[in-house]
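Overview (structure and organization)
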Amino acid sequence: MEKNLTKDELLELLDIEHGSEFTYYENIAELLESEKEIGPDAIFEVLQDADMDTFAEIVESYFYDIMEKMPDNDVDIYNIFESVKRNFVALAVASKESKSGEYYDENLQNPLIKLCEELDGFHKYYALSDNCVVTDRSTGVSRVISLRDAISDNRLAIMDNKEYDFDLDGAKDYIIEEFIMGLSDLYDGEDYNE
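Nothing here was measured: the structure is a model prediction, and the numbers come from that model.

Moving on, we come to the overall build of the chain. Per the secondary structure count, the chain includes eight helices and three strands. Overall, the chain shows an N-to-C arrangement of helices and strands of α-α-α-α-α-α-β-β-α-β-α. Counting the 194 residues in the chain, one finds 44% classified as buried. Restricting to contacts in the chain with at least 6 residues of sequence separation, those with at least 24 account for 70%. For the chain, the accessible surface area stands at approximately 10900 Å², while carbon and sulfur atoms represent 45% of it.

Listed below in structure tokens is the structure:
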């Protein structure tokens, strides 16, 4: 088993020098698609310096992009991704508010730690677990690959006019511990009764 990355190794992987530079689509793609075990500690050390509004925006963009190319338009996987995306965004908002002292939940005292744990868990599920079977219709050859690679194969198949069968059942067991924000969290504490 590989050891987790250090902060400096993760910064190098992301091709940035400081967490405040975690501002691009490529940063979240590299984090979630990496072939390496990362670990929540290194993610925390990088993201504690990131702008959480920007982080939430690039998460939205990334998930929109990958969900658009879902093999066989699989509803179960789509729903998993939608829930994961909502969790990441909600935890990013809570992390920003906890830094400013505006957010407190006795059950989730540090939402940034929770976000980093969730990112690491999703990364392992999405990029490091061989949980999908892809079969080339023309040759009949099947491969067991990660969900990340199945989505990539689907994109390439569309461009190359190849036909694959996708069995994503092995990827449908992802457990989502939903982090739900209250309505008051969505309104930034402003009074909307006027």
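Let us now look at the sheet that holds strand β1 (residues 130-136). Sheets are built from strands paired through backbone hydrogen bonds, the pairs being either parallel or antiparallel. Strand order across the open sheet formed by three strands is β2-β1-β3, with antiparallel pairing between neighbours. Two strands lie at the open edges of the sheet, namely β2 (142-146) and β3 (164-167), each paired on one side alone. Taken pair by pair, the neighbouring strands of this sheet meet at an average axis angle of 30°, ignoring direction. When β1 meets β2, the two strands line up antiparallel, connected through five bridges. Residue pairing in the sheet places Thr135 in a bridge with Ser142 of β2. Sitting on the sheet, helix α7 (residues 147-160) is in contact with β1, β2 and β3, with an inclination near 120° to β2.

Let us now look at a negative patch on the surface. A contiguous patch of negative charge on the surface is contributed by Asp8, Glu12, Asp15, Glu17, Glu21, Glu30, Asp41, Glu45 and Glu117. Looking at the negative patch, the elements that each hand over two or more residues are α1 (7-14) and α3 (40-47). Summarising the element assignment, Glu17 is placed in the loop between α1 and α2 (25-33).

Attention shifts here to the environment of Val134. Its location among the elements puts Val134 in strand β1. Given a relative accessible area of 1%, Val134 falls into the buried group. Setting aside residues no more than four positions away along its own chain, Val134 makes contact with Val141, Ser142, Arg143, Ile145, Ala150, Asp153, Tyr164, Asp165 and Phe166.

Let's shift gears to the side chain of Asn154. Relative to the elements of secondary structure, Asn154 occurs in helix α7. Not counting the four nearest positions on each side in its chain, Asn154 is found in contact with Lys69, Met70, Pro71 and Phe166.

Attention now goes to unusual backbone geometry. Residues other than glycine seldom take positive phi values, yet Asp15 does so here, at roughly 60°. Relative to the helices and strands, Asp15 is located in the loop between α1 and α2. Not every positive phi belongs to a glycine, and Asn161 is a case in point at roughly 55°. Mapped onto the fold, Asn161 is located in the loop between α7 and β3. Taking relative accessible area as the criterion, Asn161 reaches 71% and is therefore assigned exposed.

The next point concerns the packing of aromatic side chains. If you walk through the whole model with that rule in mind, you get 14 aromatic pairs. Taking 5.5 Å as the distance between ring centres and 50° as the angle between the ring planes, the aromatic pair formed by Phe63 and Phe122 counts as tilted. Of this pair, Phe63 sits in helix α4 (residues 52-68) while Phe122 sits in helix α6 (residues 111-128), placing them 59 residues apart in sequence. On the accessibility criterion, Phe63 (0% relative accessible area) is buried. Considering the side-chain rings of Tyr125 and Tyr174, the 4.3 Å spacing of their centres and the 35° angle between planes classify their relative orientation as tilted. Taken together, the residues Tyr125 in helix α6 and Tyr174 in the loop between β3 and α8 (183-186) connect sequence positions 49 residues apart. One aromatic cluster is present, built from ring pairs that chain together Tyr25, Tyr62, Phe63, Phe81, Phe88, Phe122, Tyr125, Tyr126 and Tyr174.

Looking now at the confidence of the model for the chain. Considering every residue of the chain, the mean pLDDT works out to 87; 85% of them sit at 70 or more. The low-confidence segment residues 182-194, where pLDDT is below 50, has five contacts with residues more than four positions distant or belonging to other chains.

How each quantity is defined
Throughout this document, residue positions are counted from 1 along each chain, in the order its sequence is written. Note on the predicted model: pLDDT of at least 70 is required for a residue's local features to be given, and 80 or more for side-chain atom pairs to be given and counted; whole-chain, interface and lining totals, by contrast, use all residues. Only heavy atoms go into the side-chain values, all of them from the structure, while hydrogens and water stay out. By the criteria applied, helices consist of DSSP H or I runs no shorter than four residues and strands consist of E runs no shorter than two, each listed in order from the N terminus. We call a residue buried when its accessible area falls under 20% of the maximum for its residue type, exposed when it is over 50%, and partly exposed in between, using a 1.4 Å probe and counting protein chains only. A contact between two residues is defined here by any heavy atoms of the two lying within 4.5 Å. Here the open area of atoms and residues is found with the Shrake-Rupley method and a 1.4 Å probe, where only the protein chains shown may cover a residue. In this analysis, strands are considered paired if DSSP registers two or more bridges between them. For every element, the axis is a line fit to its C-alpha atoms; helices are fit only across the contacting stretch, and the angle between N-to-C directions ranges from 0 to 180 degrees. Like-charged residues are merged into a patch within 9 Å and nonpolar side chains (Val, Leu, Ile, Met, Phe, Trp, Tyr) within 5 Å, provided each residue has over 30% relative accessible area and no salt bridge. Counted as salt bridges are all cases of a side-chain nitrogen of Lys or Arg within 4 Å of a carboxyl oxygen of Asp or Glu. The sign given to each residue is positive for Lys and Arg and negative for Asp and Glu; His and the chain ends receive no count. To locate a charge, take NZ of a lysine, CZ of an arginine, CG of an aspartate or CD of a glutamate. Between 30 and 60 degrees the pair is tilted, below 30 it is stacked and above 60 it is edge-to-face, where a pair is any two Phe, Tyr or Trp rings, Trp via its six-membered ring, whose centres lie within 6.5 Å. The score called pLDDT rates the predictor's confidence residue by residue, from a low of 0 to a high of 100.

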